[in-house]
Amino acid sequence: MHNLTDWAAQSCRFGGLCNPKDQGEARRAAKQFDQVRDAFIDRMRGPVKDVLDEVISEVQSAARSARTRSELRTLVEAAAEGGRPLYRDEVEGIFQDVSTSFYRRTHDALDGTERSHAWYLKQPQGQGRQPSEGQPAQGPTPGAGVAAAAAAFFAANLGVLVAGAHLTTRRAILNILEDVIQEAREEGLRLDEAVDLFLDRLGVSNLNSQTRAGLIARTLVIRASNWASLRAARDHPQDWLKNWVSVRDNRVRPAHLDTDFSDPIPLGEQFNVGGFPARFPADPRLPPGQSINCRCVLFYISE
């Protein structure tokens, strides 16, 4: 299990993402890029789990307050739908945090001044905060437009970045509820018995498990990191071509192996990934089967 202060993650550098000498160097850089992503995923799993816990808690409270079967359905539906703002706020915060971090790392790699992950961890976080005694001075910050660009990208892809997790949770809750209501009718259960049955089924559903929180966090971190990497290349004063590199193990999808080390293309063009266009690995435009849990990375070649 990684975390942000693991010695392995701390030693990671992204230099091979820029004009790699050969495929081996590019793949090593991609693996380090993914290792740092794993560190962020581990950190983000907790906040996502907190959101899932809060949604389930609200649904449980709603169910307990119902006075009729009709009201049970109405209150649970409202509580499940009410989780959407919680998802949005948490997901947007994660996206901004990860985007800023990977933008800076890619920017430095393109400049030839890449540093180990440990260096970035020592930098002060937040606007206006000064380094404490013994810390390095504040490093180069992202371009002035990166925060606005991240917010615009997030808003444009809200349906994929937020709705996927929210709607899956909501649908699963309501499916459990409908099964319980049907069973209660057939067996003549009282309202309190139906509520207890619903709460029991909800409790074993794993909708707020650590595993599910990790999957949601992984998808967000992967998308944010690749978007930020491409944005850093677009904002860099030098002209770059982009290419696709996988970790090339037995978990890589066939379509991603076909895209691996294809011909470099301009930053504004799209890869063909299994017949689908993609600006970067895990692009929200890709179908889930080509994007969820993708570990591929972009690397850049000087024009």
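Right above here is the structure, for reference.
In this text, all values refer to a predicted model and were calculated from it rather than measured experimentally.

Reading the values: the criteria
- Residues numbered from 1 in each chain as written.
- Predicted model: local features only at pLDDT ≥ 70, side-chain atom pairs only at ≥ 80, totals over all residues.
- Heavy atoms only, no water.
- Phe/Tyr/Trp six-rings, centres within 6.5 Å; stacked < 30°, edge-to-face > 60°.
- Helix = DSSP H or I, 4+ residues; strand = E, 2+ residues; numbered from the N terminus.
- Buried < 20%, exposed > 50% of the residue type's maximum accessible area, 1.4 Å probe, protein only.
- Contact = heavy atoms within 4.5 Å.
- Polar contact = N/O pair within 3.5 Å; in protein donor to acceptor, adjacent residues only side chain to side chain.
- Axes fitted to C-alpha atoms, helices over the stretch in contact; angles between N-to-C directions.
- Parallel < 35°, antiparallel > 145°, perpendicular 65-115°, else oblique.
- Left-handed = near helix turned anticlockwise from the far one by under 90°.
- Core = buried A, V, L, I, M, F, W, Y, C linked by side-chain atoms within 4.5 Å.
- Expected span 1.5 Å × (residues − 1).
- Pairing = 2+ DSSP bridges.
- Salt bridge = Lys/Arg side-chain N within 4 Å of Asp/Glu carboxyl O.

A.B. asks: Give a detailed account of the packing of aromatic side chains, specifying residues and quantitative values.
C.D. replies: Each aromatic ring pair is characterised by the separation of its centres together with the angle its planes make. For the structure on display, the rule yields twelve aromatic pairs. Judged by centre distance (5.3 Å) and plane angle (80°), the rings of Trp244 and Phe271 are edge-to-face. In this pair, Trp244 is assigned in strand E1 (residues 240-245) and Phe271 in strand E3 (residues 271-273), connecting sequence segments 27 residues apart. The same class applies to Trp244 as to Phe271, namely buried.

A.B. asks: Help me get a handle on the environment of Ser209, residues and values and all.
C.D. replies: When you line up the elements, Ser209 lands in the loop between helix H8 (191-203) and helix H9 (210-235). By relative accessible area, which is 18% here, Ser209 ends up buried. Sequence separation between Ser209 and Leu52 is 157 residues, and the spatial gap between their C-alpha atoms is 8.1 Å. In this structure Ser209 touches Lys49 and Leu52, once residues within four positions along its chain are discounted. Among the polar contacts listed, one links the side chain of Ser209 to the backbone oxygen of Asn206, at a separation of 3.1 Å.

A.B. asks: Before we move on, could you go through the packing of helix H2 (residues 23-65) against helix H3 (residues 69-81) and cite the residues and values that matter?
C.D. replies: The N-to-C vectors of H2 and H3 enclose an angle of 160°; their axes lie 8 Å apart at closest approach. Considering the angle they form, H2 stands roughly antiparallel to H3. The handedness of the crossing between H2 and H3 comes out as right-handed. When H2 is examined against H3, the residues Glu58, Val59, Ala62, Ala63 and Ser65 are found in contact with a partner set consisting of Glu71, Leu72, Leu75, Val76, Ala79 and Ala80.

A.B. asks: Which residues make up the nonpolar core, and what are the values?
C.D. replies: Of all hydrophobic cores here, the largest spans 88 residues; its most connected members are Val76, Ile173 and Phe198. The element contributing the most residues to this core is H2, with 16 residues.

A.B. asks: Go over helix H4 (residues 84-111), please, and point to the residues and values.
C.D. replies: With 28 residues, H4 should reach 40 Å at 1.5 Å per residue; the first-to-last C-alpha distance of 40 Å fits that figure. Directly after H4, the chain includes Gly112, whose backbone phi takes a positive value near 75°.

A.B. asks: Account for the sheet that holds strand E2 (residues 265-266), with residues named and values stated.
C.D. replies: What links the strands of a sheet is backbone hydrogen bonding, and the strands pair in either a parallel or an antiparallel sense. Read across the open sheet, the three strands follow the order E2-E1-E5; overall the sheet is antiparallel. Whereas interior strands pair on both sides, the edge strands pair on one side only; in this sheet they are E2 and strand E5 (297-302). Here E1 pairs with E5 via six bridges, running antiparallel. When the sheet's bridge partners are listed, Leu241 is paired in E5 with Ile301.

A.B. asks: Tell me about the pattern of salt bridges, residues and numbers included.
C.D. replies: Applying the stated rule across the entire model yields 18 salt bridges. Across the salt bridge formed by Glu25 and Lys21, the nearest N and O atoms sit 3.2 Å from each other. Between Arg295 and Asp249 there is a salt bridge; the shortest N-O distance is 2.8 Å. Of this pair, Arg295 sits in the loop between helix H11 (288-291) and E5 while Asp249 sits in the loop between E1 and helix H10 (254-259), and the two are 46 residues apart along the sequence. Of the residues examined, Asp249 reaches a relative accessible area of 30% and is grouped as partly exposed.

A.B. asks: I'd like a rundown of the pairing of E1, residues and numbers included.
C.D. replies: Of all six residues making up E1, six are buried, and the element is well covered by its neighbours. Sheet analysis places E1 next to E2, joined by two bridges and oriented antiparallel. In the strand pairing of E2, Lys242 is matched with Ile265.

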